[in-house]
Amino acid sequence: MVQNVASVMGELEPEDFHLLSGVEQGMRFSEYVNREKLTDFSRLSEENVDYRLDRCEDRGLVERKTIQYEGFKLTFEGYDALALHTFVERDTLEGFGAPLGVGKESDVYEVQSYKPLALKYHREGYTNFREVMRDRDYTSDRDHVSWLYTARKAAEREYEALETLYPDVSVPQPIDTNRHAIVMEKVDGVELSRTGLEPEQVVPVLDLVLDEMQTAYDAGFVHADMSEYNVFVTTQGVVVFDWPQAVPTDHENSEELLTRDVENIVSYFQRKYPTHVDEVDTDAVAAALTDSSFETVTEYTV
């Protein structure tokens, strides 16, 4: 757990991070790094490598396996420690708080800086590696692909989208990124799936979500994973989050993905508020979003 990593950060020494970085470097070439290569990767002596491996293994930061050789790989806790160490070194954050959300592809925690922020660790590829390989294009140019790489690429893609979209699109403000982690604005809101809207709020909130999708398209991105679980409802409106699957609008499937996003979000409103949202021509809505002619979803009721 990430809380465990935060609790041992004070126990770790600079050489421990050299060792963890060395294992990280070796995992570019194989899942388990040969013990004999770690002196070169970490630039530590043989004796120091052995000592640091024992320290890091005791703290759950590396995993040992004997195959044709004695090999080591980072656990996600080890990878978390490297990213967290970098953020501390950069003065990006000062303290670690409670979990905000834990899922199969990411863990999000409150962290302290000049104000409360959110730290998101990407987990893509760790428990569902084959599914990620099939569904995402992070890995087309690599011979050996590890879950570290897929998680890092997911974080890079999300951070790029947030930097491009903020502040024109209502997304969390990006603060910093390293490896598979992103520090961003902590949003004070309620997930759309857990929000009970008043009758007079239903269509306006749906319009707000579609407006943000339109502005994002104008800025060059399609979310590609829109649902009631990726929208916060706040006192100021809505915030769209979770952008690692975003695709640029010049992607060959961008319009198809935009149509799917529209169908997903409209279908949710129709299921939860059937007396307030009529049948909608989602293809027409998606087309209107691409040419900036969308004004209100009621124009496209069937």
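All residue numbers refer to positions counted from 1 along the written sequence of the respective chain. Predicted model: local features are reported for residues with pLDDT of at least 70 only, side-chain atom pairs are reported and counted for 80 or more only, and whole-chain, interface and lining totals are derived from all residues. As a rule here, side-chain values cover all heavy atoms of the structure and leave hydrogens and water aside.

Re the overall build of the protein chain
Argument step 1. Starting at the N terminus, helices and strands are each numbered in turn, a helix being any DSSP run of H or I of at least four residues and a strand any DSSP run of E of at least two. For the protein chain, the count of helices and strands is 10 helices and 13 strands.
Argument step 2. C-alpha atoms of the protein chain, sized along the principal axes, occupy 75 × 40 × 30 Å.
Argument step 3. Relative accessibility decides the category of a residue: with a 1.4 Å probe and only protein chains considered, values under 20% of the type maximum give buried, values over 50% give exposed, and everything between is partly exposed. Residues counted as buried form 51% of the 302 residues belonging to the protein chain.
Argument step 4. Partitioning the intrachain contacts of the protein chain with sequence separation of at least 6 by distance along the chain shows that 61% fall at a separation of at least 24.
Argument step 5. Note on areas: Shrake-Rupley with a 1.4 Å probe; residue coverage comes only from the protein chains shown. With an accessible surface of roughly 14,400 Å², the protein chain has 43% of that area assigned to carbon and sulfur atoms. When checking whether two residues touch, look at their non-hydrogen atoms; a contact exists if any pair is within 4.5 Å.

Observations regarding the confidence of the model for the protein chain
Argument step 1. pLDDT is a per-residue confidence score from the predictor, ranging from 0 to 100. Across the protein chain, the average pLDDT comes to 93, with 92% of residues at 70 or higher.
Argument step 2. When the criterion is pLDDT under 50, residues 132-136 qualifies, and its contacts beyond four places in sequence or with other chains add up to 10 contacts.

Examining unusual backbone geometry
Argument step 1. Following Tyr 166, the chain continues into Pro 167 via a peptide bond in cis, with omega recorded as 5°.
Argument step 2. Examined against the element boundaries, Pro 167 turns out to sit in the loop between helix H7 (147-165) and strand E7 (174-178).
Argument step 3. With a phi close to 60°, Ser 292 is a non-glycine residue in the positive phi region.
Argument step 4. Counting through the fold element by element, Ser 292 comes out in the segment after helix H10 (282-290).

Regarding the pairing of strand E4 (residues 95-102)
Argument step 1. Strand direction decides the pairing type here: E4 and strand E5 (residues 106-112), joined by five bridges, are antiparallel. Pairing of Pro 99 across the sheet is with Tyr 109, part of E5. Between any two strands, pairing holds if DSSP finds at least two bridges.

Thoughts on the sheet that holds strand E11 (residues 231-233)
Note: strands within a sheet are paired through backbone hydrogen bonds, in either parallel or antiparallel orientation.
Argument step 1. Across the sheet, which stays open at both edges, the three strands sit in the order E9-E11-E12 with antiparallel pairing between neighbours. Of all the strands in the sheet, the pair left with one neighbour each is strand E9 (190-191) and strand E12 (238-240).
Argument step 2. Pairing analysis gives three bridges linking E11 to E12, with the strands arranged antiparallel. Within E12, the residue paired with Phe 232 across the bridge is Val 239.
Argument step 3. With axes taken as lines fitted to C-alpha atoms, and helix axes fitted only over the stretch in contact, angles between N-to-C directions fall between 0 and 180 degrees. Along the sheet, helix H8 (residues 202-219) makes contact with E11 and E12, crossing E12 at roughly 40°.

Brief notes about the environment of Ala 6
Argument step 1. Tracing the backbone through its elements, the reader meets Ala 6 in helix H1 (residues 2-8).
Argument step 2. The sequence separation of Ala 6 and Glu 77 amounts to 71 residues, and the corresponding C-alpha distance is 9.5 Å.

A closer look at helix H9 (residues 254-272)
Argument step 1. How far a helix is expected to stretch is found by multiplying one less than its residue total by 1.5 Å. Taking 1.5 Å per residue as the helical rise, H9 with its 19 residues ought to reach 27 Å, and the 27 Å between its terminal C-alpha atoms agrees with that figure.
Argument step 2. Taken together, the buried positions of H9 are occupied by Ser 254, Leu 257, Leu 258, Thr 259, Asp 261, Val 262, Ile 265, Val 266, Tyr 268 and Phe 269.
Argument step 3. Summarising the contacts, the buried residues of H9 are in contact with H8, strand E10 (221-222), strand E13 (247-248) and H10.

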